[in-house]
Amino acid sequence: MYRVQRRLRGRREAGLHAVAHAGEEVGPESIRDAVLELGAERIGHGTSAIQDPSLMDLLKERSIPSKYVPQATSSPANTSAATRIIR
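Parameters and conventions
- Residues numbered from 1 in each chain as written.
- Predicted model: local features only at pLDDT ≥ 70, side-chain atom pairs only at ≥ 80, totals over all residues.
- Heavy atoms only, no water.
- Pairing = 2+ DSSP bridges.
- Helix = DSSP H or I, 4+ residues; strand = E, 2+ residues; numbered from the N terminus.
- Buried < 20%, exposed > 50% of the residue type's maximum accessible area, 1.4 Å probe, protein only.
- Arc of directions from axis to C-beta.
- Contact = heavy atoms within 4.5 Å.

Asker: Hey, could you run me through the sheet that holds strand 1 (residues 19-21) in this one?
Answerer: What holds strands together in a sheet is hydrogen bonding between their backbones, with the strands either parallel or antiparallel. Across the sheet, three strands lie side by side as 1-2-3; this open sheet has parallel pairing. Both outer strands of the open sheet, strand 1 and strand 3 (66-67), are each paired with one neighbouring strand and no more. Pairing analysis gives two bridges linking strand 2 (residues 42-44) to strand 3, with the strands arranged parallel. Bridging across to strand 3, I43 finds its partner in S66.

Asker: What am I meant to see in helix 2 (residues 28-36) here?
Answerer: Each full turn of the α-helix corresponds to 3.6 residues, which orients residues three or four apart in the same direction. Those residues of helix 2 lying buried are P28, S30, I31, A34 and V35. The buried residues of helix 2 occupy an angular sector of 155° when the element is viewed end-on, so they sit on one face. Packing partners of the buried residues in helix 2 comprise strand 1, strand 2 and helix 3 (53-61).

Structure representation (structure tokens):
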């Protein structure tokens with residue numbers, strides 16, 4: 001993750017925002033890592049955030065929105081998570 005942290009830091013210093021796709025396949029811990037370790041300002045597909053009340057508090061305190069697209073995440077066949085089901 002260190003390489004990703006360096007890249008994101010450089011982009012933030014250039015005035016860009018940090019957006020991370022997390023919490024869809026791995027779970028709420030990946031969202032927490034994206035916020036605390038990567039400095040994510042928005043989470044894409046953070047569907048598992050609801051499983052962790054303290055994470056929900058963190059997202060609220062930092063005003064970090066999460067993008068959720070039901071068509072994209074409603075079926076495992078529409079995500080990389082499908083590879084586990086298909087195999």
